[in-house]
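Now for the letters of each chain:
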Amino acid sequence: MGDGGGPVRDWSDLRRLGPLWSALRSERPEIELVAPEQWFGPGSGRRGDVRFALFRRIIEIRDGQLSLRPHLHPLVPFWVGEVVRPAGTEEFAIVVEAAAIAAALEAARAGHRFPVGPAEGWVPHPLAAGLREEAAWLVKVAAVYRRSPVMAHVRRRVRAELAEVAAAR
């Protein structure tokens, strides 16, 4: 973990990951790792607390994504492609990752699973080699998740499909 950046950068990244983490934790509270107060928390005096908190937040976000895999809609990349071009760019990959989370959260709330095996659907961006790179990637995903109008587009699409499934029952 010899990543640079320092505590100020770590704190900033931790804060910027907060909304994405909160969205995942609200649906999947089990992703939150619980640590004894003496090891982590305000006033613990541990050097690296912010770095440790950032590392945990990244793990918890990735755990949330893994727990949502049965709810991943296989058409999310196509829906994103309707409004974001060109496919194959880093921007497209970031938007797809954020949109996949948004759609999976919608499906999970509705209790709907998609009949797609793990290898057939969309797979999250591979983990970066270091904490700094992983944090940078997820900060971009979190920003898109919070601000991009593409999230509303994808949520509408998945809600409409889930309504059709419910009506057909």
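The structure under discussion appears in the preceding block.
Fair warning: this is a prediction, and the values are worked out from it, not measured in the lab.

Chemist: Any chance you could explain the side chain of Arg-132 here in plain terms?
Modeler: Looking at the secondary structure, you find Arg-132 in helix H5 (residues 131–147). A relative accessible area of 11% places Arg-132 in the buried class. A polar contact of 2.3 Å, which involves the side chain of Arg-132, links it to the side chain of Asp-10.

Chemist: Just checking my understanding: could you explain the packing of aromatic side chains for this structure?
Modeler: Geometry of an aromatic ring pair is reported as the spacing of the ring centres plus the angle between the planes. Per the counting criterion, the structure on display carries zero aromatic pairs. Positioned above the aromatic ring of Tyr-145 is the side chain of Arg-155, whose terminal nitrogen or guanidinium carbon lies 5.2 Å from the ring centre.

Chemist: I would appreciate a short explanation of the nonpolar core in the present structure.
Modeler: Inside soluble globular proteins, nonpolar side chains tend to come together where they are buried. Within the largest apolar cluster, 46 residues are counted, with the highest numbers of intra-cluster contacts made by Val-80, Tyr-145 and Met-151. Among the elements of the structure, helix H1 (6–27), helix H2 (49–67), helix H3 (76–81), helix H4 (90–109), H5 and helix H6 (149–168) are those that each provide at least two residues to this core. The element contributing the most residues to this core is H4, with 14 residues. Apart from the residues lying within four places of it in its own chain, the contact partners of Val-80 are Phe-92, Val-95, Val-96, Ala-99, Val-150 and Val-154.

Chemist: Explain unusual backbone geometry here, please?
Modeler: In terms of backbone geometry, most residues other than glycine have negative phi values and most peptide bonds are trans. Here the bond from Arg-85 into Pro-86 is cis, since omega is -5°, no more than 30 degrees from zero. Here Pro-86 shows up in the loop between H3 and H4.

Chemist: Sorry if this is basic, but what is going on with H2 here?
Modeler: Along an α-helix, residues three or four positions apart point the same way, because every turn accommodates 3.6 residues. The end-to-end C-alpha distance of H2 is 26 Å, a good match for the 27 Å that 19 residues give at a rise of 1.5 Å each. For H2, every residue scored as buried is listed here: Asp-49, Arg-51, Ala-53, Leu-54, Arg-56, Arg-57, Ile-58, Glu-60, Ile-61, Arg-62, Gly-64 and Gln-65. Against H1, H4 and H5 lie the buried residues of H2.

Chemist: What exactly am I supposed to notice about the environment of Ala-23 here?
Modeler: Looking at where Ala-23 falls in the secondary structure, it is placed in helix H1. The spacing of Ala-23 and Leu-105 is 82 residues in sequence and 8.2 Å in space, taken between C-alpha atoms.

Chemist: Is there a simple way to explain the packing of H4 against H6 in this structure?
Modeler: When two helices pack together, you describe them by how their axes are tilted relative to each other and by the distance separating the axes. Running from N to C, H4 and H6 cross one another at 35°; their axes reach a closest spacing of 9 Å. H4 and H6 meet at a crossing whose hand is right-handed. Residues Val-95, Ala-98, Ala-99, Ala-102, Ala-103, Glu-106 and Ala-107 of H4 lie in contact with H6, whose contacting residues are Val-150, Met-151, Val-154, Arg-155, Val-158, Arg-159 and Leu-162. Counted by class, the contact of H4 with H6 contains 11 nonpolar, no polar and three charged residues.

Conventions and cut-offs
- Here the residue numbers are simple positions, counted from 1 along each chain's written sequence.
- In keeping with the predicted nature of the model, local features appear solely for residues at pLDDT of at least 70, side-chain atom pairs appear and are counted solely at 80 or more, and the whole-chain, interface and lining totals rest on all residues.
- Each side-chain value is derived from all of the structure's non-hydrogen atoms; neither hydrogens nor water enter the calculation.
- Strands here are runs of E lasting at least two residues and helices are runs of H or I lasting at least four, both read from the DSSP assignment and numbered beginning at the N terminus.
- Between buried and exposed lies partly exposed: a residue is buried under 20% and exposed over 50% of the maximum accessible area for its type, with that area taken using a 1.4 Å probe on protein chains only.
- The definition of a polar contact used here is a pair of N or O atoms within 3.5 Å, where within protein one atom must be able to donate a hydrogen and the other to accept one, and adjacent residues in sequence count solely through side-chain atom pairs.
- Whether two aromatic rings pair depends on their centres lying within 6.5 Å, for rings of Phe, Tyr and Trp, where Trp uses its six-membered ring; planes under 30 degrees apart make the pair stacked, over 60 edge-to-face, and the rest tilted.
- Should the NZ of a Lys or the CZ of an Arg lie within 6 Å of a ring centre and within 35 degrees of the ring normal, that charge is described as sitting over the ring.
- Joining through side-chain atoms within 4.5 Å is the link that ties buried Ala, Val, Leu, Ile, Met, Phe, Trp, Tyr and Cys residues into a set, and such a set is a nonpolar core.
- Residues are treated as being in contact if the distance between any of their heavy atoms lies within 4.5 Å.
- The span one expects for a helix is its residue count, reduced by one, times 1.5 Å.
- Comment: axis = line fitted to C-alpha atoms, over the contacting stretch for helices; angle = value between 0 and 180 degrees taken between N-to-C directions.
- Note: crossing handedness is left-handed where the near helix turns anticlockwise from the far helix by less than a right angle, and right-handed where it turns clockwise.
- Ten residue types, Ala, Val, Leu, Ile, Met, Phe, Trp, Tyr, Cys and Pro, are classed as nonpolar, four, Asp, Glu, Lys and Arg, as charged, and the remainder, Gly among them, as polar.

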